[in-house]
Amino acid sequence: MRKTLLLAGLIPLLSGLAFAGGLSQRAKSFTLANGMTFWVYERHQIPTFFGIYMARTGSADERPGETGLAHFIEHLSKKGTPVIGTRDYQAELPILAEMDRVGNELTAELDKGASADAARVAGLRKELADLQEKHARYAVKEEYNQIYSENGGRGRNASTGPDTTQYFISLPANRLELWFLMESEKLKNLVMREFYSERDVICEERRMAVDNNPSGDLFEQFLNAAFMVHPYRHEVIGYMHDIQTFTKERAQGFFRRNYVPNNLMAALVGDVRFDEVKRLATKYFGDIPRGDEPPRMPDFEPAQDAERRVTVWRDAEPELLIGFHTPGGESRDGLVLKMIELVLNAGDSARLSRDLVTRRQLAVSVTASADAIGRRYPSLFLLAGTPRHPHTAAELENEFYAHLERLKTEPVSEAELRRAINQAAAGLMNGMDRNMVLAFRILSNALLSHDVDVESKRVEQLKTVTPAEIGAVARKYFVAANRTVGTLERQVEGGEK
């Protein structure tokens, strides 16, 4: 009943959306003279809107020694301006400067590695902590959130990935100008206050997400093995030493390089008017100078010619990751790999879940993804699973390979291809009644694929994929020399199990 009502509610929306020509049928865009593009999707059913801007900047844009910096900038963006987040900006300036001096000395000492003077490190940390306590009397924590909340804001957040960083919130329709004011001020006058306390927060995040998390540890080791020099090599959170030694100068340099209007894109979806959005965008964002095109990390990765394996031993349930290098992007092979993902993984009736989870109960969960790591650069086709006790990661690994071999030797049936295409088409419906989902799809498609309709076009293109192509692509990429395998194995007292 609930599913029927949901589908009934989506039918009017879909008639003007993806299947009738894509998001571009309703979403309009304009670009300011400084290169920043805004997308507007008018939906006047409810007097709210979802505002988001996205930077074509993520962990893939970090230079050696600055891993995690894109994520750190995301955290610092909520710390305010010379007006927001402070009780007396002029009084806090000398304290901020002194904190930077001590912070730079601490970084220089830590960069000595094993030869660092432990007593000096402890002394500098104590001095920095004392300055942070002194500065606290001037800082107004979370004032950005407070202002938004007082004006009806909901769901304010930000996130960082390998390819992009995004900042978003839902607001009442009569607070449109507030969004433009608040978000443009972050770009024009960001003050990176609470820099060192926030750095400590991210260190703790890393401990929780990676160092003390078996799954996170496995994924980081897996990426390090799968990529030798590629910008997808490291986790978004970054390496601990890099986080601990960030300097404000380095963070400001990253921000200036990457947060330029021509590297940003915004979307306003909901009860807004195109002309009003354009007027306010010009007023608040139009005076931000255009910047140089941000430098990109080279995406060259040496061809893999031998299997790579990593094993993480923890007191945890086994897990398995298998990755095969793929071209990514909008290539024909990439399209066929997307079809393979759907055949293997689209729903409970797809091959992997039906066989390994439901029928034979070898696994608790299984998944396959053609672009799990990122979309901007060549990536990995990823297979992941958790074996069901008493089955092992090695057993599950062999079962994955059996399914890949079947793709190489047995043509996929027309019925399976139709089911996969139907699943892809249904995926376009998911969340399309929500401003947030529409906004994210518009920006991710436009920013990463330069085509807001790329998803709906892909569904049509999938209809042209043949069983022979699937077999050929499977034979091309799913070979031992092109794969990296990561396993999480249980470690017991006295050794490995």
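Residues numbered from 1 in each chain as written. Predicted model: local features only at pLDDT ≥ 70, side-chain atom pairs only at ≥ 80, totals over all residues. Heavy atoms only, no water.

When you go through the protein residue by residue, the secondary structure sums to 18 helices and 12 strands. The C-alpha atoms of the protein give a radius of gyration of 25 Å, which matches the 23 Å a tight globule of 497 residues would have. Considered along the principal axes of its C-alpha atoms, the protein spans approximately 70 × 65 × 45 Å. Contacts in the protein between residues at least 24 apart in sequence constitute 81% of all its contacts with a sequence separation of at least 6. In the form shown here, the protein has an accessible surface area of approximately 22100 Å², with 52% of it arising from carbon and sulfur atoms. When the 64 positive and 69 negative side-chain charges of the protein are each reduced to one mean point, those points stand 4 Å apart. (Helix = DSSP H or I, 4+ residues; strand = E, 2+ residues; numbered from the N terminus. Rg over C-alpha atoms; globule rule 2.2 N^0.38 Å. Contact = heavy atoms within 4.5 Å. Areas by Shrake-Rupley, 256 points an atom, 1.4 Å probe, with all protein chains shown as cover. Lys, Arg positive; Asp, Glu negative; His and termini not counted. Charge placed at Lys NZ, Arg CZ, Asp CG, Glu CD.)

With that out of the way, let us pick up helix 17 (residues 454–462). Those residues of helix 17 that fall on the buried side of the exposure criterion are Val454, Ser456, Arg458, Val459 and Leu462. Residues of helix 17 that are buried in the fold lie against helix 12 (332–345), helix 15 (414–429) and helix 16 (435–449). (Buried < 20%, exposed > 50% of the residue type's maximum accessible area, 1.4 Å probe, protein only.)

Read across the sheet, 6 strands follow the order 1-2-6-3-5-4 without closing on themselves; strand pairing throughout is mixed. Lying at the two open borders of the sheet, with one neighbouring strand each, are strand 1 (27–31) and strand 4 (154–160). Here the average twist between neighbouring strands, direction ignored, is 15 degrees. Of the pairings in the sheet, the one linking strand 2 (residues 37–42) to strand 6 (residues 264–270) comprises 6 bridges and is parallel in character. Note that in strand 6 the partner of Tyr41 across the bridge is Val269. Strands in contact with helix 2 (residues 69–76) are strand 4 and strand 5 (165–172); relative to strand 4, the strand with the most contacts, it is inclined by about 155 degrees. Helix 6 (residues 176–189) contacts strand 2, strand 3 (48–55), strand 4, strand 5 and strand 6 of the sheet and is inclined by roughly 15 degrees relative to strand 3. (Pairing = 2+ DSSP bridges. Axes fitted to C-alpha atoms, helices over the stretch in contact; angles between N-to-C directions.)

A few words now on the pattern of salt bridges. Tallying each qualifying case throughout the model produces 43 salt bridges. Residue Arg490 pairs with Glu317 through a salt bridge whose shortest N-O separation is 2.4 Å. Residue Arg490 is found in strand 11 (residues 483–492), and its partner Glu317 is found in the loop between strand 7 (308–314) and strand 8 (319–326); the two are separated by 173 residues along the sequence. The class of Arg490 is partly exposed, set by a relative accessible area of 21%. Residues joined in a network through salt bridges with shared partners are Glu98, Arg101, Glu105, Glu109, Lys112, Arg120 and Glu127. (Salt bridge = Lys/Arg side-chain N within 4 Å of Asp/Glu carboxyl O.)

Here we take up the side chain of Asn34. Along the chain, the position of Asn34 falls in the loop between strand 1 and strand 2. A polar contact of 2.9 Å, which involves the side chain of Asn34, links it to the backbone oxygen of Ile288. (Polar contact = N/O pair within 3.5 Å; in protein donor to acceptor, adjacent residues only side chain to side chain.)

Once that is clear, we can look at the environment of Gly153. Residue position: Gly153 is located in the loop between helix 5 (143–150) and strand 4. C-alpha of Gly153 to C-alpha of Leu380: the two residues are 227 residues apart in sequence and 38 Å apart in space. Setting aside anything within four residues of it in sequence, one finds Gly153 in contact with Tyr148, Ile169, Ser170, Leu171 and Pro172.

What follows is about helix 15. The end-to-end C-alpha separation of helix 15 is 23 Å, in line with the 22 Å expected for 16 residues at 1.5 Å each. All of the buried residues in helix 15 are Glu416, Leu417, Arg419, Ala420, Ile421, Ala424, Ala425, Leu428 and Met429. Of the residues flanking the end of helix 15, it is Gly431, one or two places downstream, whose phi is positive at about 75 degrees. (Expected span 1.5 Å × (residues − 1).)

What follows is about the pairing of strand 3. For strand 3, the tally of buried residues reaches 7 of 8 residues, placing the bulk of the element in the interior. Looking at chain direction, strand 3 and strand 5 are connected through 8 bridges and run antiparallel. Its bridge partner lying in strand 5, Met54 is registered against Gln166. Pairing of strand 3 with strand 6 involves 7 bridges; the strand directions are antiparallel. Bridge pairing in strand 6 places Phe50 opposite Val269.

Together, Met228, Val229 and Phe300 line one region of the surface with nonpolar side chains, adding up to about 330 Å² of accessible area. Along the chain, Val229 turns up in the loop between helix 8 (214–226) and helix 9 (240–244). (Patch = residues over 30% accessible without salt bridge, like charges linked within 9 Å, V, L, I, M, F, W, Y side chains within 5 Å.)

Another point: the packing of aromatic side chains. Following the criterion strictly, the structure yields 20 aromatic pairs and no others. Considering the side-chain rings of Phe72 and Phe195, the 4.9 Å spacing of their centres and the 65 degrees angle between planes classify their relative orientation as edge-to-face. Pair noted here: Phe72 is in helix 2 and Phe195 is in helix 7 (residues 195–211), with a separation of 123 residues, a long-range link. The exposure class of Phe72 is buried, given its relative accessible area of 0%. Ring pairing ties together the aromatic residues Phe30, Phe38, Trp179, Phe180, Phe274 and Phe285, which thus form one cluster. Over the ring of Phe274 we find Lys28, and its NZ or CZ is 5.9 Å from the ring centre. (Phe/Tyr/Trp six-rings, centres within 6.5 Å; stacked < 30°, edge-to-face > 60°. Lys NZ or Arg CZ within 6 Å of the ring centre and 35° of its normal.)

Another point: the confidence of the model for the protein. Residue-level pLDDT values for the protein average 92, and 95% of them are 70 or greater. In this model residues 1–20 is a low-confidence stretch, pLDDT under 50, and it forms 23 contacts with partners more than four residues away in sequence or in other chains. (pLDDT = per-residue confidence, 0-100.)

To continue, consider the side chain of Thr37. Checked against the element boundaries, Thr37 lands in strand 2. Side-chain polar atoms of Thr37 contact the side chain of Thr31, separated by 2.8 Å. If we skip the residues at most four places from it in the chain, Thr37 touches Ser29, Phe30, Thr31, Leu264, Met265 and Ala266.

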